[in-house]
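A closer look at the structure
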Amino acid sequence: AISFDRYYRHSEINAYLEELAEKFRDLVTLESIGRSYEDRDMVVIKISSGGNGTRPVVLVDGGIHAREWIAPAMTLYIINQLVENSTANGALTDAVDWYILPVLNPDGYEFSHTNDRLWRKSRSRPASGSCYGADQNRNWDFHWMENGASNQRCSEIYAGSEPFSEVENRNLRDFAEAHKNRTKLYLTFHSYGNYLLYPWGYTSDLPSDWRTLQDLAERVDRAQVAAGGSPFDIGTSTNVLYAAAGGSDDYMKGVKGVALSYTAELTDTAYGFELPASYILPTVRQFFEGVRVFGTYVKDNF
Ligand code: 0X9
Ligand code: ZN
């Protein structure tokens, strides 16, 4: 059983997924999408009640940035609710498949627990020098390095030696490729600041379907505000936050053709990355109301 009164380690997260796969055989399957740089198993949980692989897919990840611990916790709560609370949430899985990767940067996530609470990047070893890792959210192959990214290994926003230099991103890229025709919504969790962002991050130009993206984001926001959450700032990454190319959200929309692609920056600024564990449950509960809106939209429109 899982609890939301503390942050889970990567091995505990994988153990929880295994437990669900054992217990809910008709709803849950696990797929390893590969190993991290330091050889951790990257496991996607597939939640599907049927449909033989024809239903629209919602793809979710968290933990691309190591120190943003509320992000993996959010994905775990979504998993917990969709799988273990099917009485309340069965409508979200009866026509939509959910593919969820709780930790996209497991090496960095563990390092932020054991060595450096505010670590952000992956933990890949450079060819030379002593600065480890790349910013996995500057490393995707779409307008790579054009804006808001660095070619300096020691920078917090180091984009990597080349696009997809980071194996963790290659693993998710290949998984996304295999399911791209059915994937209608991509949701990637970060913290902090209460932003609900959509492409683009590489340019201030708006995508042609920005109205759809904006309207859906506003509906998600209203749902989580009604549940007691703080309102989001909504808009494109560049226009609302800052320009930063090579993000996973831009890549999923621009390259994989996922129509609806969002970055959710959970929680306001009071605690920054170091959100006390007592805030996990209220935070994830509130945003789950937004997840309901997302899931219902995909169910009704695809
Ligand atoms: O800078 C980032 O990668 C994200 N903010 S964070 O504070 N969590 O690091 C925002 C990413 C928004 N998306 C793109 N710029 N593509
Ligand atoms: Zn982040």
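Residues numbered from 1 in each chain as written. Chains lettered and ligands numbered in written order. Predicted model: local features only at pLDDT ≥ 70, side-chain atom pairs only at ≥ 80, totals over all residues.

Under the annotation held in an unreviewed UniProt entry, the protein carries the name Zinc carboxypeptidase A 1 and is attributed to Coptotermes formosanus. Under the heading Cofactor (unreviewed entry), UniProt records this for the protein: "Zn(2+)". (UniProt positions renumbered as here; feature names shortened; annotations may be inferred.)

Focus on the overall build of the protein
The number of helices and strands found in the protein is nine helices and eight strands. Dimensions of the protein along its principal axes, counting C-alpha atoms only, are 55 × 40 × 40 Å. Per-residue burial for the protein yields a buried fraction of 50% across its 302 residues. Considering only intrachain contacts with a sequence separation of at least 6, the fraction spanning at least 24 residues in the protein is 76%. (Helix = DSSP H or I, 4+ residues; strand = E, 2+ residues; numbered from the N terminus. Buried ≥ 20, exposed ≤ 12 C-beta atoms within 10 Å, placed from the backbone. Contact = placed C-beta atoms within 7 Å.)

Let's talk about the UniProt feature "domain: Peptidase M14" (unreviewed entry) in the protein
In this numbering, the UniProt entry assigns the feature "domain: Peptidase M14" (unreviewed entry) to residues 6–298. This span, residues 6–298, is 36% helix and 17% strand, and a straight line between its end C-alpha atoms measures 31 Å.

A closer look at the site of ligand 1
Among the 14 residues in the neighbourhood of ligand 1, the closest are listed as Asn137, His190, Gly201, Ala244 and Gly247. Among the elements of the structure, helix 8 (248–254) and strand 8 (260–266) are those that each provide at least two residues to the shell around ligand 1. Here the residues of the shell around ligand 1 are counted per class, giving three nonpolar, seven polar and four charged. (Near = placed C-beta within 6 Å. Nonpolar A, V, L, I, M, F, W, Y, C, P; charged D, E, K, R; others polar.)

A few points about the UniProt feature "active site" (unreviewed entry) in the protein
Following the UniProt record, the feature "active site" (unreviewed entry) maps to Glu265 here. Structurally, glutamate 265 can be placed in strand 8. With residues up to four places along the chain from it excluded, the contact list for glutamate 265 reads His190, Ser191, Tyr192, Gly193, Asn194, Tyr195 and Leu197.

Topic: the nonpolar core
Counting 85 residues, the largest nonpolar core has Ile45, Val58, Ala73, Met74, Ile78, Ile100 and Leu196 as its most contacted members. A per-element tally of this core places helix 2 (residues 70–84) first, with 10 residues. Once residues lying within four places of it in the same chain are set aside, the contact partners of isoleucine 100 are Val44, Ile45, Val60, Thr75, Ile78 and Ile79. (Core = buried A, V, L, I, M, F, W, Y, C linked by C-beta atoms within 7 Å.)

Overview of the sheet that holds strand 8
Spatially, eight strands are ordered 1-2-4-3-5-8-6-7 in an open sheet, and the strand pairing comes out mixed. This sheet does not close on itself; its edge strands, each paired only once, are strand 1 (28–35) and strand 7 (233–236). Going across the sheet, the axis of each strand differs from the next one's by a mean of 20 degrees, ignoring polarity. Here strand 2 (residues 41–47) pairs with strand 4 (residues 97–101) via three bridges, running antiparallel. Bridge pairing in strand 4 links lysine 46 to tyrosine 99. (Pairing = 2+ DSSP bridges. Axes fitted to C-alpha atoms, helices over the stretch in contact; angles between N-to-C directions.)

Describing the environment of glycine 272
Mapped onto the elements, glycine 272 comes out in the loop between strand 8 and helix 9 (280–301). For glycine 272 and tyrosine 192, which are 80 residues apart along the polypeptide, the C-alpha to C-alpha distance reads 6.1 Å.

What about the packing of helix 2 against helix 9?
Here helix 2 crosses helix 9 at 60 degrees, and the two axes come no closer than 9 Å. It follows from the interaxial angle that helix 2 and helix 9 lie oblique. Crossing hand, helix 2 versus helix 9: right-handed. Mapping the contact onto sequence places Ile70, Ala73, Met74, Tyr77, Ile78 and Gln81 in helix 2 and Ile280, Thr283, Val284, Phe287, Phe288 and Val291 in helix 9. Here the residues of the contact of helix 2 with helix 9 sort into 10 nonpolar, two polar and no charged. (Parallel < 35°, antiparallel > 145°, perpendicular 65-115°, else oblique. Left-handed = near helix turned anticlockwise from the far one by under 90°.)

Some details on unusual backbone geometry
Look at the link from serine 191 to tyrosine 192: it is a cis peptide, with omega at 5 degrees. Inspection of the secondary structure puts tyrosine 192 in the loop between strand 5 (183–191) and strand 6 (195–198). That bond from proline 199 to tryptophan 200 is cis: its omega, 10 degrees, falls within 30 degrees of zero.

A short note on the confidence of the model for the protein
Scored by pLDDT, the protein has a mean of 98; 100% of the residues are at 70 or more. Both confidence scores are given for the complex: pTM 0.99, ipTM 0.99. (pLDDT = per-residue confidence, 0-100.)

A look at helix 9
Here helix 9 spans 31 Å end to end across 22 residues, near enough to the 32 Å set by a 1.5 Å rise per residue. Of the positions making up helix 9, those classed as buried are Ile280, Thr283, Val284, Phe287, Phe288, Gly290, Val291, Phe294, Gly295, Tyr297 and Val298. Taken together, the buried residues of helix 9 touch strand 3 (57–62), helix 2, helix 3 (86–93), strand 5, helix 6 (210–226) and strand 8. (Expected span 1.5 Å × (residues − 1).)

Considering the packing of helix 6 against helix 9
For the pair helix 6 and helix 9, the least separation of the axes is 7 Å and the interaxial angle reads 145 degrees. Every pair of crossing elements has a handedness; the one defined by helix 6 and helix 9 is right-handed. Contacts from Leu216, Arg219, Val220, Ala223, Gln224 and Ala226 of helix 6 reach helix 9 at Gln286, Phe287, Glu289, Gly290, Arg292, Val293, Phe294 and Tyr297. A per-class count over the contact of helix 6 with helix 9 returns eight nonpolar, three polar and three charged.

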